[in-house]
Structure formats: structure tokens, C-alpha cells
Amino acid sequence: MLVFLLLPLSLLLVSWAEASAASSVSDYHERLLLRPLPQSALLASFNFRSNASSSSFEQQNFRYFPRSLGQILQHAHTKELHLRFSLGRWDAENWGARPWGRAREGGTGVELWAWVEADTEEAANARWLTLTNALSGLFCASLNFIDSTRTIRPVMTFEPEGTHSNASMRNLHLLHGTLPHEVVCTENLTPFLKLLPCKGKAGISSLLDGHKLFDANWQTMAVDVKPVCPEDGTECILQIEQTVDMVLDIERSKRPRDNPMPRPIPTEDLVCDNSKPYHGGDSCFPLDRTSEMSWSLNKVFGRPLKGSCPLTTEDGRDSETVCINVPHEREVQERTAADLVKKEHEDGYLRCYKISPNLDFDLILPEQYLSSNLPLSHPSLHAFRSITGHGQERGGVRAILTNPSLTSPVRFVYLESLPWFMKPYLHTLRATISSSTAPLPDQYLEPQQAPNTADPIKQMYYRPAVDRHRGTHLELLLELPPASTLTLTYDFEKSLLRYTEYPPDANRGFDVAPAVIRLLSSSSSSSSSNGSSLLGASEYLRTTSLLLPLPTPDFSMPYNVIILTSTVMALAFGSIFNILVRRFVAADEAPGYGLVSLKGRIWALAQRLKARLRGKGAKDE
Amino acid sequence: MRLLTLLPVVLLAAFSMPTLAEHTSNWAVLVSTSRFWFNYRHLANVLSLYRTVKRLGIPDSQIILMLPDDMACNPRNTFPGSVFNDKNRLLDLYDDDSKGGQGMGGIEVDYRGYEVTVENFIRLLTDRWSEDYPRSKRLMTDERSNILIYMTGHGGNEFLKFQDSEEISAFDLADAFEQMWEKKRYHELLFMIDTCQANTMYTKMYSSAIIATGSSEIDQSSYSHHADQDVGVAVIDRYTYYNLEFLETEVTSASSKKTLGDLFDSYDEVKIHSKAGVRYDLFEGGELEVRKRLVMDFFGNVQNVELDAANTGVVANEIRWRQELEELGKMIEFAKKAGNHTDASPIQPGPDYAEAAVRSAESAETIKLNGAAEVKQDNTWGKRLVGAGALLGCLGVWAAGSWFEGK
């Protein structure tokens, strides 16, 4: 009896001991950071991070690391992986700089870059193909469309985030591919959540709902896998970090799910501008909202936060799962049935909560007038890119890059990956700098010509396109003096596609991947002049994607052509055949042809008819 | 005496059971072939079927879902992340969270956007893929798999359009099914199609064990059921709507004993506005057998364990069993010997346990993907001088040539 009692107990103890031992090498950590942005927007940044020791990863002993992804990485010999799914546009003028030091963001659509281990370039390409195919199955996205035409090998833009030994670095190949046309929707969120240890059932991931995530003004999902080796020489770990960032419109997400139609504000709730001359009982000039909107986690995300994920670390700063970034005076009420640990960090701007598992948690922010706003960090570069020109044959691209800082110059790498059917003329590439009077980018039209005519292009890497095999790769290292605007222009030629190469919605246009801009910290620019060691904390920025209209044929035209040519051919063949097989004779030579014979024939016919009629009559009798 | 008369019946039943070879897995291929927002209803049709088969137990890994366009996250959709098949909007087909959070556990689309092509569909059916192709996008069926193939879109007499740019003909489909039959890729196949003149699509089939049903006869259109004013377009087709009505109300659990006969009888021409058709003749036993098949044989997930003792006799089976056991023993011995060589450490997967295939032969044709070359922007005067020099040289040669010629 005692044995029976002891056995489960000992098992429990052993398993607990194992768990605690494992947690020292492989741990899991998640955090939600909420930051209200101006214009009733709310930035919600979800971060999930788990580690696996490299030895357990090699032995396929997965604990928190997702097995499905781990096996793909092993199969494709991928040492570091970055995958992005993005939607919408970040409004830098109103929302300030991007979250996570802008490193967890992708261009519109899907972006993937990875360091693949291989001895030769061909082997790396083959493994890259394996990787994209496998990931397409895992993430329900058309990643298998990242073929050689959409793959480039950036030189300066990306650097491995993880620690790779110098020996292994020699065999690592960086490959980068984008799918700007790919839509990001619920089917991509489902596998994303499945990779998490708590699968979206508990913890902050229980807030992630496709209905809200894909209603956001801007959202990006990221998966990053990298090896991290501690400096003290202990065993390396493989770290997977999954992030979801979204900017929700509080007003829109508070609408009930079953009735999302926007309705006019009731008259009694309108705040009118009384100074207008036409202000009266029936006319109103509505004023902007001055108070902070009321919201709660439950209302904004449409579902409750179901406690913390029980697998998170229990103490330390990592255990604080939910953080909110608001000014001191903002009132925040917490609703939970359990005890709550609350901590304030960084001069009170950041409040963090440690929540307990299994109990619902909610944050309620009532409507409030605030005297001070949260300081927004300003982005150090504004980037706009558009297509210029008209017509079906040629076009141009103009990128306007503004340095808003009045004091410090900006050094950055500008990477373009163009599809093969868009062929730029490199000799038309012009980079002109004009010092803008105002740092705002919308006033670039009235700049004064800058006195310094130094070439802003410091370094340039280029690989021309080959039809149907690879796209153009253009990478520029640029330097922009303070308070100035750089206009980068080049012309391109649109190629004609073959009839079968057009997609079903060819008239919509073709998406061109966003340009990737990597901002180099100014300290590194002074220390290194060669492109190989541009180390330093790099921030990333992406322009919007472009829609390139290509000349499209009338797709019913081939059928018209087929019908017309067959008619012409039939006519021609018929008449030629007729001429060839017919024997031509003179009219008098023809036997029994002419008026006499015609008369005879009619007579004979009449005789025959008469005979038949008579015959019938005889039968009747 | 009574026992004796019963005996033959019992025996007959016992012997006829194994000949009714049962299926051991269920797969579903659900295809919408229309792009663009106004074809919302075709996606809703397919998603309704997806939800039904998932409800009746077919797991996501055995459902191949083909959606050519994105309706849920379409900018025109007033309800982001949702697709509805009824104007009451009680059921969100895309991500059903009615049951407290994750009702259906999300959605997994296997083929989407430009991937939905005739070529990919035929490749899927016949399983002709490159080595790297992911398993989740393949139809990994065998001779004991029952497959439900549901297609919807715009079609005509003996063709179905894919994304408004290409079409699959009834002949292509029939040949693909024949290839499947020859490759033993299905046990029984239920083909459903909801499109205009749908019944013409199955007229050319000639392979065994296929049950086919369509929404409308030749020269008949298939109509949509109703529109949702807030979505702004029609949300479901009639034939699918009444199929679903039957499945939702009659087949409520996996233990349902409703037969395909019941399902086919529920088709009402007055309600559907077109004459739904059924083809029985390809199936062994014809109409009688088809009508006896359970709805759950195709729409649900049934995992039957088959003991083939009855076919071979107990003794033969035991011999085979012993042989297998011996073989297994040999394998264990072999593994033990191999283990001795690499001492008794825990199983270490070798470096080549999952070696990605490296194709080298094609390298002659492939254009090298190597990195971009640096463009040097040195002083161009030197280059210009060289160019001018070359031009002058050419001029000199030409002048010399003409001078010699003149001589």
C-alpha cells in the first residue's frame, strides 16, 4: 500500500526536479506591452521568447521550442531565421518611432531571411528552397513562391543577430526573399499560435484574436530563431522569439462584433466648436477629442486575458507579464480575483503586473483628461517611395528620404529587391541632397539647393536582373547630412510578360517589395569605413510596397486571333483545294450541259413524278 | 432446429462482413475556384463544408483547403477576419470562437491565392510533386482512404473555371480520378460539385468506386441562396445551403447512421431551383449500394481497425505474424550490434538523419544566385580617356586601311 502511495509521489518529485533542472537551461517568457498612442490608437506588443540548449536541440529533445519548426530548421540546415508577416502602415508622424528598436518589423506581405549552412552556393540555394517549401506548409502562406526570382543575397543590410563562430560563419549563406502580394490573415495566426507553449489558451496569447488582429491599422507578426552563446563560455542556447505588434483603433475595436457598422455619434455626445458663426441647435462643428478614451483589455481585444501561462518563469523581471506605458497621472484599474504584484519602472512611465495563472485579468482605463502626454520618440529618418512616370513602357522610382535631425547626420543602407520584369537603368540613378527648411517630409517640395555637392552614395552593390531567373538587387550605402532631404531617382523599363505568366488579376498590377532601410549608428560609421563590419545597434525601416502596372493584353484576344486565323485558313484552303481538284473545260465541251439538256432533265423529272403518281393510284385500286 | 436455420444466415453475415472492405481514413479536398470579392459565396460554400467535416472529426491534417482569394481580410469586408454563410451571422466560418475562445481551433488553408491552379489541383490528386513539397499540402491517401472532393466556382458544359483565367474540363478530371484509382489512392470517392451545369462535370468519369453528385443539369444555372446587406454580396449557394441544412440538422454527431440515400433524397428541385443529379453507375452495386453508404463514411472521420484474419484463416495469419516477429527480432539484433560500435551513448542522430537534398546536376542551367558586385564609382575621366583612345585607334586603323586600299 505504501509503495503504491509512494510511487506516484516519487514520480511527481522526479518530474518536478526534471522540470526545474530543465528550466535553468530552457525557459519561457512572455510579455505584453501596451502603449496608448495619439489619436485613440493603442499599440500592443506581444513578445514570446523561449530557449532550448543547443545539445537538446541537436538531440531533438524539444521542450518549449516548437518541434515542427525545429525539425524544419535541422532539415534545411538553417542556423538563423527571421520571418515576418505584416499588414498596414505605421504612421510615423503621429505614432513616433517603431517598437522593439524597429528590428521586429517586416515589409508589407511576407518577408523571410535566413542564414543557411552549406558548402557551396548551389547547396545553399537548394536548402533555401527546401526551407521555403517547408515553411509554406507550416505557416499556410505561399512561401514556396520565393524562388530564384525573388531571392537576393544582401551584402550590407542584414547581419546575424545570434552568435556564430568565425569558422561556421564562412559556411553560412544569407538569403532574403519577399512576397509583397501575400495577404496575412487568420490562417497565418493559427500556426503562429500553435508554436507557442501555451498555444493561445492561456497567458497573454489568449488575447490574440484574428478578428481584432486583422482589423488593426498596422500589425506585424515575427518569428526569429537565433543561437545565443553566453560570454562566460557556457553552453549555447537556441532562442526563438515570436512577436506580434499591432496598432488598434480603440474606437473601432470597441464596437460590438456582431454590429461593426460605424454609426454617427448621438447629438448629445457631440462636442461642438461654439466659436463658429453657424453654431446652433442644428449645426455643429465637432471638436477633436481632448480626453483620453476609456478602454479595457476585455473590450479592446474582445476576450479576457486568461491568467498567465503557467510555464513562465516565476520570479525576476521576466515574470512581469503585462506592462502598460502611460503617464503618472493616468488612472489604471486592475480587475482580477487573485493577488496582484504591481511594479513601477522607469520614472513611473511603465507599470508592470505579475499575474497568476488560471484567473482572468483585466485592465480598465477610464476616460480621463490628461495634462501631460507620453513623450514619443521621434524616428531618425522618414522614407517615402513612389512610382513616377506614365505609359506602358517606362517608369521611374523616386524615394524621398528625410533626416529630421537638425544636428546629426544619418548613415544608412538602402536595399531594393526588384522583380525581374522591372528593369532599372543604373545610369539614371541620381541621388540629390537638398537641405529642407522644415524637418517635416511633406515640405520637401520647397527645398533650397544644398551648397555641398558631395556624393551621398558611399558604396553601391548591384546585380542586374536576368529575365525569368532572378531579380535586380540594388544596395546603397548613403549618408545624409542633418536637416536635409535626399531624393533618389532612377528610371526603369517594364518588360512584356508571356501570355501564361500573367496572374489571374493582372489588371490589378504587380506588387514591388518594400525597400529595406538599415540605419547605422553614427558611432559605427566613424569606426569602420569598409562595409564588412558595420556593427552596432541597427534600426530598420521599410517603405511601403509599390503597385506596378504592367502592360496587360486583352486576355480574350488569343481566342479572337485563333478564330480569325482559322477562318482565313479555311477560306484560303477551301478555294485553293477547289482550284486544284476541279477540272476546267469549255462550256460546249461539257456533256449534257446547257439549256437543251436542262429542258430534257426537267421533262424527265416530270415523267418520273407522273409515273409514281399513277403507280400509287393503281395500288389503291 | 431454429438454430440450424439461423446458422447459414449468421455464417453468411460473418463472411460477407470482411468483403465489405472498409476504409481506414477519411480525407477531404475542398476547392473554391473563384477569385474576387463578388464570389464571396463560393468561399463561404467551401468554408461551410470545411467547418462541417471538421465538426464531424476529420482533422486539419487530412483536409486540403484551396481558397483562391482572401475574403476574411479583404479590405471590402466589413467584418474583418470573418466569413459568414448566413445573414443572421451567427456562425463565423473563418475563426469560430463561439465556444469560449477557440471553437474550431483556427483555420488552416493549404493552397491560397495564385496557388489554386488546375495544375496544382491535378498534381494534388495524382500526388506528383517535387521532393521538397511539404506534407501538409499533399493528399497522402491510400487504397483504404475515403475521399470527399467538393468543388465550387463558375462553370459550364463540361468545364469549371479556375480563377477566371483557366479551366479544368470533365475529361481532365475523369483522367485524374482514373490515375488515382490505378495508383490505389482511394477506396471510395464522393465527388460533389456546385456550379452551373454541374452534372456535366461527372459525365466523363469512368473509374470505379466513385459517387458523384452535382447541383444542376446541363443548361441549368446554379443559384445563390441569399445575400447579406451588410456584407454586400450573396453569401451562399442554394445547393450547398440545403446540403448543409441536412448535415447540420440530421448528422449531428459522429455516430449518425444517416445514409447518402437520405442526403440525396433531401435534394428538392423547388428549393434548389435546379435539378441536382447523382451518378451511381460507377460504384460497385450501383444505386442500391450507394444509397446504403453512411454520410459519415465521407464527411466524418472513421478509424476502423481491420483484422485480416478472416481472409487468410487463423493459421496462415499466425504464421505471418511469427515471420514478422522474427524479422523484427533480426532488426533489433542488428540495431544492437550497430549500437555497440558507437558505444552506449544516448541515441545520437547522425549528421545525415535529415539531410536536405542537394541538387547539383541542374547547376549548369541555373543562373548563379551569387551576391551583388560592388559598383566602383571612381573618377570617370580615366575611363573616358581610355574610351576616346580606343575610338581614335579604330579611326587610325580605318584610315590606314583606306589608305592602303587606295594605293
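Residues numbered from 1 in each chain as written. Chains lettered and ligands numbered in written order. Predicted model: local features only at pLDDT ≥ 70, side-chain atom pairs only at ≥ 80, totals over all residues. Heavy atoms only, no water.

Let's talk about the layout of surface pockets
Residue and element names in this part refer to chain A.
Right, so step 1: Taken as a whole, the second largest pocket spans an internal volume of roughly 1400 Å³.
Right, so step 2: If you trace the second largest pocket, you find 41 residues lining it, with Ser40, Glu251, Arg289, Ser291 and Met293 closest to the centre.
Right, so step 3: Mapped onto the lining of the second largest pocket, the elements with two or more residues apiece are strand S1 (28-37) and helix H9 (250-253).
Right, so step 4: For the lining of the second largest pocket, the class distribution of residues is 23 nonpolar, 7 polar and 11 charged. (1 Å grid on protein atoms, 1.4 Å probe; cavity = no way out; pocket = protein on both sides within 12 Å on 5 of 7 lines; lining within 4 Å. Points joined across faces, edges and corners; volume = space filled by probe spheres on them. Helix = DSSP H or I, 4+ residues; strand = E, 2+ residues; numbered from the N terminus. Nonpolar A, V, L, I, M, F, W, Y, C, P; charged D, E, K, R; others polar.)

Some words on the interface of chain B and chain A
Right, so step 1: With 54 residues of chain B at the contact, the number on the chain A side is 65 residues.
Right, so step 2: Interface area, chain B with chain A, both sides summed: about 5200 Å², of which 53% is carbon and sulfur.
Right, so step 3: Here chain B is connected to chain A by 4 salt bridges.
Right, so step 4: A salt bridge links Arg35(B) to Asp505(A); the nearest nitrogen and oxygen atoms lie 3.2 Å apart.
Right, so step 5: Applying the counting criterion to the chain B and chain A interface returns 20 residue pairs in polar contact (both at pLDDT 80 or more).
Right, so step 6: Of the residues that constitute the side of chain B that touches chain A, the class distribution is 22 nonpolar, 16 polar and 16 charged. (Contact = heavy atoms within 4.5 Å. Buried area = accessible area lost by both parts, 1.4 Å probe. Salt bridge = Lys/Arg side-chain N within 4 Å of Asp/Glu carboxyl O. Polar contact = N/O pair within 3.5 Å; in protein donor to acceptor, adjacent residues only side chain to side chain.)

Concerning the pairing of strand S24 (residues 484-494) of chain A
Residues and elements named next belong to chain A.
Right, so step 1: Across the 11 residues that make up S24, a large majority, 8, are buried.
Right, so step 2: Of the pairings in the sheet, the one linking strand S17 (residues 394-403) to S24 comprises 10 bridges and is antiparallel in character. Looking at the pairing, Leu401 lines up with Leu486 of S24.
Right, so step 3: The pairing of strand S19 (residues 422-424) with S24 spans 3 bridges and is classified as antiparallel. Bridge pairing links Lys423 to Glu493 in S24.
Right, so step 4: Alignment of strand S20 (residues 430-435) against S24, held across 6 bridges, turns out to be antiparallel. In the sheet register, Thr432 faces S24, and the bridge partner there is Thr487. (Buried < 20%, exposed > 50% of the residue type's maximum accessible area, 1.4 Å probe, protein only. Pairing = 2+ DSSP bridges.)

Considerations on the sheet that holds strand S5 (residues 155-156) of chain B
Residue and element names in this part refer to chain B.
Right, so step 1: Pairing is antiparallel in the open sheet, where 3 strands are placed in the order S5-S6-S7. The two strands at the open ends of the sheet, each matched to only one other strand, are S5 and strand S7 (166-169).
Right, so step 2: Pairing between S5 and strand S6 (residues 159-162): 2 bridges, direction antiparallel. Looking at the pairing, Gly155 lines up with Leu160 of S6.
Right, so step 3: Seen against the sheet, helix H3 (residues 118-126) touches S6 and S7 and runs at an angle of roughly 35° to S7. (Axes fitted to C-alpha atoms, helices over the stretch in contact; angles between N-to-C directions.)

Let's talk about unusual backbone geometry
All names here are of chain A.
Right, so step 1: If you check the backbone angles, Gln39 has positive phi at about 60° while not being a glycine.
Right, so step 2: Position of Gln39 among the secondary structure elements: in the loop between S1 and strand S2 (41-53).
Right, so step 3: One non-glycine residue, Cys140, lies in positive phi territory at about 55°.
Right, so step 4: Here Cys140 lies in the loop between helix H5 (121-139) and strand S5 (151-152).

Quick look at the packing of helix H3 (residues 67-75) of chain A against H5(A)
Residue and element names in this part refer to chain A.
Right, so step 1: One can describe the packing of H3 onto H5 by two numbers: an axis separation of 9 Å at closest approach and a directional angle of 170°. In terms of axis orientation, H3 runs roughly antiparallel to H5. Of the residues in H5, those in contact with Ser68, Leu69, Ile72, Leu73 and His75 of H3 are Thr130, Leu131, Ala134, Leu135, Leu138 and Phe139.
Right, so step 2: Taken together, the residues of the contact of H3 with H5 break down into 8 nonpolar, 3 polar and no charged. (Parallel < 35°, antiparallel > 145°, perpendicular 65-115°, else oblique.)

Notes on the state of the cysteines
Right, so step 1: Under the defined criterion, the tally for this structure stands at 5 disulfides over all chains.
Right, so step 2: Note on cysteine connectivity: Cys185(A) is disulfide-linked to Cys73(B), with sulfurs 2.1 Å apart. As the torsion about the S-S bond is roughly 85°, the Cys185(A)-Cys73(B) disulfide counts as right-handed. Placement of the pair is Cys185(A) in the loop between strand S6 (172-179) and helix H7 (186-194) and Cys73(B) in the loop between strand S2 (63-67) and strand S3 (111-112), with the two residues belonging to separate chains. With respect to class, Cys185(A) is no different from Cys73(B); both count as buried. (Disulfide = S-S within 2.5 Å.)

A closer look at the UniProt feature "active site" (unreviewed entry) in chain B
All names here are of chain B.
Right, so step 1: In the UniProt entry, the feature "active site" (unreviewed entry) is given for His154 and Cys196. Maximum C-alpha separation among the annotated residues is 6.5 Å over a sequence range of 43 residues, consistent with a single clustered spot.
Right, so step 2: As for its placement among the helices and strands, His154 is situated in the loop between strand S4 (145-152) and S5.
Right, so step 3: Discounting chain neighbours no more than four positions away, the residues touching His154 are Thr33, Ser34, Asn39, Arg41, His42, Leu160, Lys161 and Thr195.
Right, so step 4: A polar side-chain atom of His154 sits 2.8 Å from a polar atom in the side chain of Asn39.
Right, so step 5: Residue placement: Cys196 occurs in the loop between strand S8 (188-194) and strand S9 (210-214). (UniProt positions renumbered as here; feature names shortened; annotations may be inferred.)

So, the sheet that holds S2(B)
Picture the strands of a sheet paired through backbone hydrogen bonds; they go either parallel or antiparallel.
All names here are of chain B.
Right, so step 1: The sheet built from 7 strands is open, its strands ordered S3-S2-S1-S4-S8-S9-S12 with mixed pairing. Each of the sheet's edge strands pairs with one partner strand only, and the pair in question is S3 and strand S12 (277-279).
Right, so step 2: With 2 bridges connecting them, S2 and S3 associate as parallel partners. Considered in S3, the bridge of Leu67 is made with Arg112.
Right, so step 3: Relative to S2, H3 is tilted by about 175°, and along the sheet it contacts strand S1 (25-32), S2, S3 and S4.
Right, so step 4: Sitting on the sheet, helix H4 (residues 170-182) touches S4, S8 and S9, and the angle it makes with S8 is about 160°.

Side note on the packing of H3(B) against H4(B)
Residues and elements named next belong to chain B.
Right, so step 1: At a closest axis distance of 8 Å, the pairing of H3 and H4 adopts a crossing angle of 25°. It follows from the interaxial angle that H3 and H4 lie roughly parallel. With respect to the hand of their crossing, H3 and H4 are arranged in right-handed fashion. Here Phe121, Ile122, Leu125 and Thr126 of H3 lie close against H4, whose contacting residues are Asp172, Leu173, Ala176, Phe177, Gln179 and Met180.
Right, so step 2: Within the contact of H3 with H4, the residues separate by chemical class into 7 nonpolar, 2 polar and 1 charged. (Left-handed = near helix turned anticlockwise from the far one by under 90°.)

Overview of the nonpolar core
Right, so step 1: If you look at the biggest cluster of nonpolar residues, it comprises 131 residues, and the most contacted ones within it are Leu34(A), Phe46(A), Leu69(A), Leu135(A), Phe301(A), Leu30(B) and Phe299(B).
Right, so step 2: Residues within four places of Leu69(A) in sequence aside, it is in contact with Leu81(A), Leu135(A), Leu138(A), Phe139(A), Leu195(A), Val223(A), Val225(A) and Ile240(A). (Core = buried A, V, L, I, M, F, W, Y, C linked by side-chain atoms within 4.5 Å.)

Here we look at the domain arrangement of chain A
Residue and element names in this part refer to chain A.
Right, so step 1: Considered domain by domain, chain A is made up of domain 1 (21-365), domain 2 (382-548) and domain 3 (587-620).
Right, so step 2: One C-alpha centre belongs to domain 1, the other to domain 2; they are set 27 Å apart.
Right, so step 3: Counting each side, the surface lost to burial between domain 1 and domain 2 is near 2600 Å², with a carbon and sulfur contribution of 56%.
Right, so step 4: Summed over the shared surface of domain 1 and domain 2, the number is 2 salt bridges.
Right, so step 5: At the junction of domain 1 and domain 2, the tally comes to 12 residue pairs in polar contact (both at pLDDT 80 or more).
Right, so step 6: Of the residues assigned to the side of domain 1 that touches domain 2, the class counts are 8 nonpolar, 10 polar and 8 charged. (Domains from an automatic or database assignment.)

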